[in-house]
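# Residue-level structure breakdown
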Amino acid sequence: MKKLMNLRPSRGTAIFLGLLPFLLIVILYVFASDARLAENPNDKLLPSMHSFVEAIDRMAFTESKRSGENLFVQDTVSSLQRLGLGVFISATLALLMGIPLGLIPYVRSGLSPFVAAFSMVPPMAILPILFIVFGMGEMAKVALIVIGVTPLMVRDLQQRVSEIPAEQLIKAQTLGGSTWTIVVRVILPQMLPRLFDAVRLTLGTAWIFLISAEAIAATEGLGYRIFLVRRYLSMDVILPYVAWITFLAFLFDYLLKKFTYKMFPWYTAGKENK
Amino acid sequence: MSLISIKNLWKEYGENIVLEKLNLEIQEGEFCTLVGPSGCGKSTFLKMILGQETPTRGTFLFEGKPFPQEPSVERGIVFQRYSVFSHLNVLENVMLGIELEKSKFLGKLFGAARKEAQKTAMEMLEAVGLASSAYKYPTELSGGMQQRLSIAQSLVKKPKVLLLDEPFGALDPGISADMHTLILDLWKKNNLTVIMVTHDLHEGFYLGTRLLVFDKVRHDPQAPDRYGAKITYDIPVGDNRKSVYKEIDKSIKREENDNEA
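Residues numbered from 1 in each chain as written. Chains lettered and ligands numbered in written order. Predicted model: local features only at pLDDT ≥ 70, side-chain atom pairs only at ≥ 80, totals over all residues. Heavy atoms only, no water.

### Some details on unusual backbone geometry
All names here are of chain B. Applicable threshold: When a residue's accessible area, from a 1.4 Å probe over protein chains only, is under 20% of the maximum for its type it is buried; when over 50% it is exposed; and in between it is partly exposed.
At Lys21, a residue that is not glycine, the phi angle is positive and equals roughly 40 degrees. With a phi angle near 45 degrees, Glu166 is a residue other than glycine that sits in the positive phi range. When its relative accessible area of 16% is taken as the criterion, Glu166 is described as buried.

Written out as structure tokens, the structure is:
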């Protein structure tokens, strides 16, 4: 008998083991829900599977009686727009700031302490300021994501730039590169896949800020809906929404990873060797 | 006029004296190998020629003019590791030197100019024996092939002096012998001036035209940083006397043992 640490599951077993916790939690839920509903059929805390199906059908597959729109689609679209725009702006800023910060000593001396201090400001604490400055519109919500996520990405990218071996930068200079051409031909191409990695890592944080901003001031959006129906204890809507958000987060992470693998074969090849 | 002319050169880091009263003339076409115990300042010396470090005082001339104080195209370099660009394939790695020179804004060539650069780069790859791997990425290459690539990258710029910083130190003995043949061959064919740092005395003794040994002459056990290294041997290679080899070997080993003790 081998030691436990040397035993490896077969592929089939690995898939089964991976699914097991999900399965267990569903079974556990169904039992708990049945038990509560047997005692009080009007219980709202753990709705039955049947009421989930009804809620999903009502939110996602029928038009709203009041506005004639599909609420679920509308919520998803507006949330994703905010998230996408926020993350896109953050990533662009990260490139524009992270590369000079990592490469140019003068920029680092001038801006590094500021960026370090700024990244310590809790973004939620300045949300009221954003609402005052940008009003209740889309701007404030996008700005919260940008303010929350950009410092993380900038510092990550700055770190990655400074990790480029000095040998490479010297070599590039002996090949006739100027500061600018070295940025364009050596640093930027090496930073792009790392930027996608940074986006993947900060996406979770971006979701937090998105949902927080929507919870406080919005007229549609996934976060808005969850906090709206909370007033009616509508667990049958909240739980599917949470599952959907989780799925979206997982999907984006997966797609970004696949995209990075496809676009930058040299990057992932190097990683596997490590 | 000498290519490199050094008179009474000192290098200090605060209290720590690395090199003292160095005098040296290097002519065009020479192949100098630098050996010495670790910490003797041979790498610092190479860095000064490269422009990565500046001397504390003394005369330090390149073609009769003061050395440029940052790395530039006159001086090519091959490090022990990390001197190829992982995001470019082998051919692009060699083309980069041509592109950076010709395209000042984008650092990239297109159309006919690109074709021309590809052709030059391909010829260079053939010279170092990498033509069949032109479309591989550096991570797919062995250590020896990466060093071949790094040499090709530098040579495409036709540098006035090629600096090699322990370039074969991380390679297997067999591969390193192949690399010796390659570098000697390239040196003869292209009229290069080469300065190579190595920790392998055997390599230094048999490669090139001139062997320079860096070592501390004076030694104060209470203050090991008080005295810097000097050039203790400056002999033309071809002087293959066993006795000289043993003598230098002994002096370097003694120094290293002292350092470890």
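### Observations concerning the interface of chain B and chain A
Selection criterion: Contact between two residues is taken to exist if any of their heavy atoms lie within 4.5 Å; hydrogens are not considered. Here the quantity called buried area is the total loss of accessible area, with a 1.4 Å probe, experienced by two parts when brought into contact, counted for both. When a carboxyl oxygen of Asp or Glu is within 4 Å of a side-chain nitrogen of Lys or Arg, the pair counts as a salt bridge. Polar contact is the term for a pair of N or O atoms within 3.5 Å; when the atoms are in protein, one must be able to donate a hydrogen and the other to accept it, and sequence-neighboring residues count only if both atoms are side-chain atoms.
Across the boundary between the two partners, chain B contributes 35 residues, which contact 23 residues of chain A. Between chain B and chain A, the buried area comes to about 2500 Å², and carbon and sulfur atoms account for 64% of it. Together, B:Phe85, B:His87 and B:Leu100 form the three largest contributors to the area buried by chain B at its contact with chain A, with a combined 26%. Where chain B packs against chain A, one counts one salt bridge. Among the ionic pairs, B:Glu99 bridges to A:Arg185, the shortest N-O distance being 2.8 Å. Viewed at the interface, chain A and chain B are joined by 10 residue pairs in polar contact (both at pLDDT 80 or more).

### So, the packing of helix H8 (residues 179-216) of chain A against helix H10 (residues 235-263) of chain A
All names here are of chain A. Operational definition: Inter-axis angles, ranging from 0 to 180 degrees, are taken between N-to-C directions of lines fitted to C-alpha atoms, where helices are fitted over the stretch in contact. We count a stretch as a helix when DSSP gives it H or I for four or more residues in a row; a strand needs E for two or more, and each element gets its number in order from the N terminus. Orientation categories follow fixed angle ranges, with anything under 35 degrees roughly parallel, anything over 145 roughly antiparallel, 65 to 115 roughly perpendicular, and all other angles oblique. In this count, Pro and Cys sit with the nonpolar residues alongside Ala, Val, Leu, Ile, Met, Phe, Trp and Tyr, while Asp, Glu, Lys and Arg are called charged and the others, Gly among them, polar.
The N-to-C vectors of H8 and H10 enclose an angle of 170 degrees; their axes lie 9 Å apart at closest approach. Here H8 is positioned roughly antiparallel relative to H10, judged by the angle of their axes. Contacts between H8 and H10 pair Pro193, Phe196, Val199, Arg200, Leu203, Trp207 and Ile211 from the former with Ile245, Leu248, Ala249, Phe252, Asp253, Leu256, Lys257, Phe259 and Thr260 from the latter. Looking at the contact of H8 with H10 residue by residue, the class counts come to 12 nonpolar, one polar and three charged.

### Regarding the packing of H8(A) against helix H2 (residues 90-102) of chain B
Going by this rule: We call a crossing left-handed when the near helix sits turned anticlockwise from the far one by less than a right angle, and right-handed when that turn is clockwise.
Across the interface, H8(A) lies against H2(B) with an axial gap of 11 Å and an inter-helix angle of 150 degrees. As judged from the angle between their axes, H8(A) and H2(B) are roughly antiparallel. Relative to H2(B), H8(A) is oriented so that their crossing is right-handed. Listed contacts from H2(B) to A:Thr181, A:Arg185 and A:Val186 of H8(A) are B:Leu96, B:Glu99 and B:Leu100.

### Comments concerning the packing of aromatic side chains
Residues and elements named next belong to chain A. Selection criterion: When the centres of two rings from Phe, Tyr and Trp lie within 6.5 Å, Trp using its six-membered ring, the rings pair. Their planes under 30 degrees apart give stacked, over 60 give edge-to-face, and anything left gives tilted.
Under the definition given, this model contains 14 aromatic pairs over all chains. On the numbers, 5.9 Å between centres and 25 degrees between planes, the contact of Trp244 with Phe247 is stacked. Within this pair, Trp244 and its partner Phe247 are both found in helix H10, separated by three residues, close to a single helical turn. For the pair Phe264 and Trp266, a centre-to-centre distance of 6.4 Å together with 80 degrees between the ring planes defines the contact as edge-to-face. Each member of the pair, Phe264 together with Trp266, is buried. What links up through ring pairs into an aromatic cluster is the set Phe196, Phe259, Phe264, Trp266 and Tyr267.

Everything listed is a geometric property; what it means functionally is a separate question.
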